[in-house]
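Spelled out from the first residue to the last, the chains are:
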Amino acid sequence: MRRVHLAETGSTNTLAAAEAARRWSPGHAEPIVVSADRQTAGRGRDGRSWASPIGGAYLSVAYPWPRAKIDRAAMAPLAAALAIRAAVLDITDLAGDRLRIKWPNDLLIDDAKAAGVLCERQVMGDAASSDRPATDRDAVIVGIGVNVRGGVESLGPVRVPATTLELITGHAFDPGVIVDAIVGQLVHRLDRLVRSGWTDDNHHALNAALAYRDQPVAFVAGGESRTGTLLGVTPDGRALVRRLEQDQPTPLAAGDIDRLTPAET
């Protein structure tokens, strides 16, 4: 596994993708971890920016994913969320019921956002489109940001309630320790996802840690604001929502909805 750490970069996802394109070949493709003390162009889902001041843990893993199993990469954000949660539980003394996964890719502590995930796929060069040899693997880039040090004011303007590990625990963790713990958990879970797919134990662990389960939620779908009750996550990773006007629950993919939040009652 190759490791790259910088004091500052635009986006660790962008740099990880560039490193994979430069270093991988058909005979050699290993995970590449890029981390930084600060990002100047951190990204979240749907083109949103991710505040990345000094004091956070910012990392991306470029993982060589076999094209024959690329459909399993759709579960990478959920695997990453479980990895972050497990790493934070290992490092802190927080009780598990305080750490919840906000489907599909955020970690909440006491209902405030502490970490997020952005997954991207980069098709690697082939003989038809580049001067590099053909390869049977693409890069799945898993980007992670964790709010580690400081108070909420250190994050700048935020769209949703947010927190940091220091604010929650009273301890100023070393961001590098957080990065190392997450990398160990994440690569293990991605290896397993490629090898075995999304297993029942992953599905049960996600539902057990799911934020807002069996609670009213609000979300945007098709440009319209809607509400329902979040029943859980299906075995294929979709959110299962029961709306008042429907007899059957509706499974929704991550690309179908936006801004899943508790509904006002």
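Along each chain, the written sequence defines residue order, and numbers are assigned to residues from 1. Local features in this predicted model are restricted to residues of pLDDT 70 or higher, and side-chain atom pairs are both shown and tallied only at a pLDDT of 80 or more, whereas totals for entire chains, interfaces and linings draw on every residue. Side-chain numbers come from the whole structure's heavy atoms, not from hydrogens or water.

A few points about the pattern of salt bridges
- Salt bridges, as used here, are contacts in which a Lys or Arg side-chain nitrogen is within 4 Å of a carboxyl oxygen on Asp or Glu. Within the structure shown, the criterion is met by 13 salt bridges.
- A salt bridge links R3 to D180; the nearest nitrogen and oxygen atoms lie 2.8 Å apart. Here R3 is found in strand β1 (residues 2-6), whereas its partner D180 is found in helix α4 (residues 175-196), with 177 residues between them in sequence.
- Exposure remark for R3: the relative accessible area of 42% places this residue in the partly exposed category.
- Given the relative accessible area of 46%, D180 is considered partly exposed.
- Each member of the salt-bridge network shares a partner with another, and the members are R2, E19, R22 and R23. Secondary structure elements follow DSSP: runs of H or I of four or more residues count as helices, runs of E of two or more count as strands, with numbering from the N terminus. Using a 1.4 Å probe on the protein chains alone, a residue whose accessible area is under 20% of its type maximum counts as buried, one over 50% counts as exposed, and one in between counts as partly exposed.

Quick look at the sheet that holds strand β4 (residues 99-102)
- Strand pairing is assigned whenever DSSP detects at least two bridges linking the two strands. The seven strands are arranged β1-β2-β3-β7-β6-β5-β4 in an open sheet whose pairing can be described as mixed. A strand with exactly one partner marks an edge of an open sheet, and here the two such strands are β1 and β4. The mean inter-strand angle of the sheet, taken between neighbouring strand axes irrespective of direction, is 20°.
- The pairing of strand β5 (residues 106-109) with strand β6 (residues 112-122) spans four bridges and is antiparallel. What sits directly across from L108, in β6, is K113.
- Helix-sheet contacts for α4 involve β1, β2 (32-36), β3 (57-66) and β7 (137-146), and the interaxial angle to β3 is about 20°. Axes, fitted as lines to C-alpha atoms, cover a helix only where it is in contact. Angles between the N-to-C directions of the axes lie from 0 to 180 degrees. Should any heavy atoms of two residues lie within 4.5 Å, those residues are considered in contact.

Comments concerning helix α5 (residues 200-208)
- Here α5 has its buried residues at N202, H203, L206 and N207. The buried residues of α5 occupy one face: seen down the axis, they fall within an arc of 130°. Seen from the buried face of α5, the exposed residues on the opposite side, beyond 90 degrees, are D200, H204 and A208.
- In this structure, the buried side of α5 is in contact with α2 (76-91), β4, α4 and β9 (224-233). Directions are taken from the helix axis to each C-beta atom, and the arc is the one they span.

A short note on the pairing of strand β10 (residues 239-242)
- A one-sided burial pattern is seen for β10, the buried positions being A239 and V241 and the unburied ones L240 and R242.
- Sheet topology places β9 next to β10; four bridges connect them, and they run antiparallel. Counted as the bridge partner of L230 is V241 from β10.
- Between β9 and β10, which pair antiparallel in sequence order, lie five residues; one of them, G237, sits at a positive phi of approximately 90°.

Structural notes on unusual backbone geometry
- For the bond from W103 to P104, the omega torsion is 5°, close enough to zero to count as cis.
- Examined against the element boundaries, P104 turns out to sit in the loop between β4 and β5.
- Positioned with a positive phi, D110 is a non-glycine residue whose angle comes to about 55°.
- Since its relative accessible area comes to 38%, D110 is described here as partly exposed.
- Phi angles above zero are rare outside glycine, and D111 is one such case at about 70°.
- Secondary-structure assignment places D111 in the loop between β5 and β6.
- With relative accessibility at 56%, the residue D111 sits in the exposed group.

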